[in-house]
Each structure stands twice: as C-alpha cells, then as structure tokens.
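Below, each chain spelled out in residue letters.
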Amino acid sequence: MAHNTTHRDQPDTTDAIDSTVENQRQRLNVVTQETRFVLIQNIFSHPTQLPTLKELDYVNPSKSKSTIREHLEVLIEHDIVEERTLPKEERKRDLPWRFYGLTDIGRDLFEEMGLLGAEGTLQDMYEMLETTDEIEKYAQAPRPGDDSEDEELTGSDALAAYIRDRKANTHSVADQISVATALYENGIGPDHEGLTRNEIAERLAFEYSSRTVLNHLVDLDILEEFQPPGPSTYVISERRDQIINGEAEETVDEEIERLIDNMVAHMDDRIVPMDDGQPGDRVVIADGAGRTIRSILADEFEVPSDDVASYLREGDRLTKLNRAVDAIEESEDIDRGDDYGRVIFRTAAYRYRLSEFGMSLVEGGASPER
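Please read all numbers here as calculations on a predicted model, not as lab measurements.

Participant: How should I be thinking about the overall build of the chain in this particular structure?
Facilitator: The secondary structure content of the chain amounts to 16 helices and 10 strands. Taking all 370 residues of the chain together, 37% fall into the buried category. Across the chain, the fraction of contacts at a sequence separation of at least 24, relative to all contacts at a separation of at least 6, is 68%. Of the roughly 21700 Å² of accessible surface on the chain, a fraction of 45% belongs to carbon and sulfur atoms.

Below you can see the structure in the form of structure tokens.
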C-alpha cells in the first residue's frame, strides 16, 4: 500500500514543478517583448516605482496611450505588474489615483534576470529627463502606502520628511537630510553667519558631492546660499601672504621685477671668469649643472632667451607672472625661493544656513502645497 501511495503522489509533485517552470517561462516570454520590457524599465526608473499611465505615456512618445494600456494589461494578467489605487477618501480631483508597480513575483523574476542591479542607473537617467510641470506634478502626487503626515511633524523629523518627499529621486537624499539636520541641531539658522561648503564638509562625511547636496537643499529653499558682507573678490599676494585689494597692479609690477632680478642673478651664478682668457672674458657653466630660470621661461613662453624680461613686462602681466611661477615650480632643476610669488584673485566663499522656510518646517511642519 505504501508503494502504491507514493506512486500515486509522484505525478502530482512533478506536475506542480512542471507548472511552475512553465509559468516562469511564460513570464519571461511576456516581459522580453520589446515594448513591455521598456515599460518595466520605466517602472524601475520612476522615483516611486509607481508611475501613472500619463507618465508612462510621456516617456514613450512613439507609443499611443491605448498601446501602453494594452501591454500593461498583459503584464497584469501574468502577475508581473499590479494596478494600485488610492482609497476613495484620499483621492483629489486634480491628482492621479491609479498607479502601476511590480508585484513581488515580478521583482523576483527581474532579480533572477539581473535587472535589479541596474535600478540606480535607470533612476539616474530619469533624474536627467526633462519633464513638464504637469508630469512633475504627477510624479510628486501621493501614492498608495505613503505616510502623508509630514505637516504634523516638527523639528528635524519635519526637515527629513520634506526632503525625502521632494528629493526621493536623488541618490544623495540621505546626505541632504544629514546636512539640514546638523545645521538645525547646531543652531545655524537665519540669524547665523553661516558656514562655508568646506566647513560643512569638514563636519560631516558625504557619500556624494557636497556641492550637489547643498545645491539640492538650496533648490528646496531649505538652505539659504549667500555671500558675507564685504568684497566679493579678494586679491592676495602670495609672497606677502596678504590681501592686497586696491594694490593689485602695483604688486604685479613689483613681483615681475623681482622675478626678473632673480632670473638675472641665477644666470650670473652660473658664469665664471675664464682662467686663460682676456680680462673680462666669462663662460657659462656646462649644461650638466642644470637649467636656468631664463631658459625655463623662454621655453614656457616660446620666446628667445634675451627677450624674456621684456616679454614679462608687456601685455597681461598678471597672467604671465603666474604662468612663470608655475613653470619654475614645475621644473625639477630649480628650487624656487621666496623672493617673488603669484598674485591670486579669490572669490569670497558662499556660506549656507537654514532659510526662513527651513525654520518654518522645523517649527510647524511642511505644507503639502509648498
């Protein structure tokens, strides 16, 4: 009897395995059709991975909306995509309430295909997509399962919720939340003198570019970007290690002459009297002793050696001075001294602090229509 029972059960187990394999094969055939595979990529790339039909239509201009709907229905029929809707009490007249996302079976299928590893790349591509105001409105609309209580949050929780809601499609969203929270907790608000980008970067560890992170927060109006009172540009004498606003032209001329004096002195150091020549006869030390400042600058500016001094005194002397110092420093033959130096223009660094709107989020939460 036992043998007969096992014999009767075996076909059922085999049939189940065969059925699973066949379903998987059918799903693979369904999703590898070109249009449907593109729709799957569209879902993966969407910031919420729950696009609307209008959004799918926008990113597939060569397909009609009815064609897209037909392919979605095929994906739904095979349990790869599901239609998700907002509860009736949460629907708004001017916002979408029907969305399309992957089922668990669909995600498992694409994990086996290796597509999940491309999610980041697909989302980067979506972030670069130019969208209309209407499509952006649809992308930002509430989705099923959203925690839409941001307006009831205060403090750093309100900042985090607002950033996550508005910048969910950016990879640096965690860094953005860290910066806004740190500024709030350290009292860097509208009345503070603010911090430079470098000062913020020194305090926090960034996974993404600090410039990108701060730009996103300025775009949200959570941070204010400003320059402190005073000159927007500073002129610095490298040799004197001083700000020389108002003295730039005179300082450039002085540094040019100092450089020329060093060039001549360096050449004189390499000339010695001839032992058996006529009085006053001199000879240059052999090339093996190294190059001269004059030869380095002649090569840099592509002028004859005898013309280097006059060339430096003409035209854009600031650019020539700085190029000359760079060329001398890059040479392995000469150790540059401290008798001359560049004249450098520096723009005052922007500073950052929480804006009035950022503080309003902290104190009273986020307005959904902001």
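From this point on, the discussion continues.
Participant: For this particular structure, what's the right way to read the sheet that holds strand β9 (residues 343–347)?
Facilitator: Across a sheet, paired strands are connected by hydrogen bonds in the backbone, their directions being either parallel or antiparallel. Within the open sheet, the three strands sit side by side as β6-β5-β9. Their pairing is antiparallel. In this open sheet, the two edge strands, each paired with only one partner strand, are β6 (242–243) and β9. Bridge count for strand β5 (residues 233–237) against β9 is five bridges, and the pairing is antiparallel. Bridging from a neighbouring strand, Val-235 pairs with Phe-345 of β9.

Participant: Explain helix α11 (residues 210–219) to me, please; I cannot follow it from the model alone.
Facilitator: Helical geometry note: an α-helix holds 3.6 residues per turn, so side chains three or four residues apart project in the same direction. Listed as buried for α11 are Ser-210, Val-213, Leu-214, His-216 and Leu-217. Relative to the axis of α11, the buried residues are bounded by an arc of 155° and lie together on one face. Directly beyond the C-terminal end of α11, a positive phi value near 70° is found at Asp-221.

Participant: Sorry, what's going on with the sheet that holds strand β3 (residues 195–196) here?
Facilitator: With respect to topology, three strands assemble into an open sheet ordered β3-β10-β4, the strand pairing being antiparallel. In the strand order of this sheet, the two ends are held by β3 and β4 (223–226), each with one partner. Here four bridges tie β4 to strand β10 (residues 351–354), and the two strands are oriented antiparallel to one another. Opposite Phe-226, over in β10, you have Arg-351 as the bridge partner. On top of the sheet, α11 reaches β4 and β10; it is set at about 110° to β4, its chief contact.

Calculation notes
Residues numbered from 1 in each chain as written. Predicted model: local features only at pLDDT ≥ 70, side-chain atom pairs only at ≥ 80, totals over all residues. Heavy atoms only, no water. Helix = DSSP H or I, 4+ residues; strand = E, 2+ residues; numbered from the N terminus. Buried < 20%, exposed > 50% of the residue type's maximum accessible area, 1.4 Å probe, protein only. Contact = heavy atoms within 4.5 Å. Areas by Shrake-Rupley, 256 points an atom, 1.4 Å probe, with all protein chains shown as cover. Pairing = 2+ DSSP bridges. Arc of directions from axis to C-beta. Axes fitted to C-alpha atoms, helices over the stretch in contact; angles between N-to-C directions.

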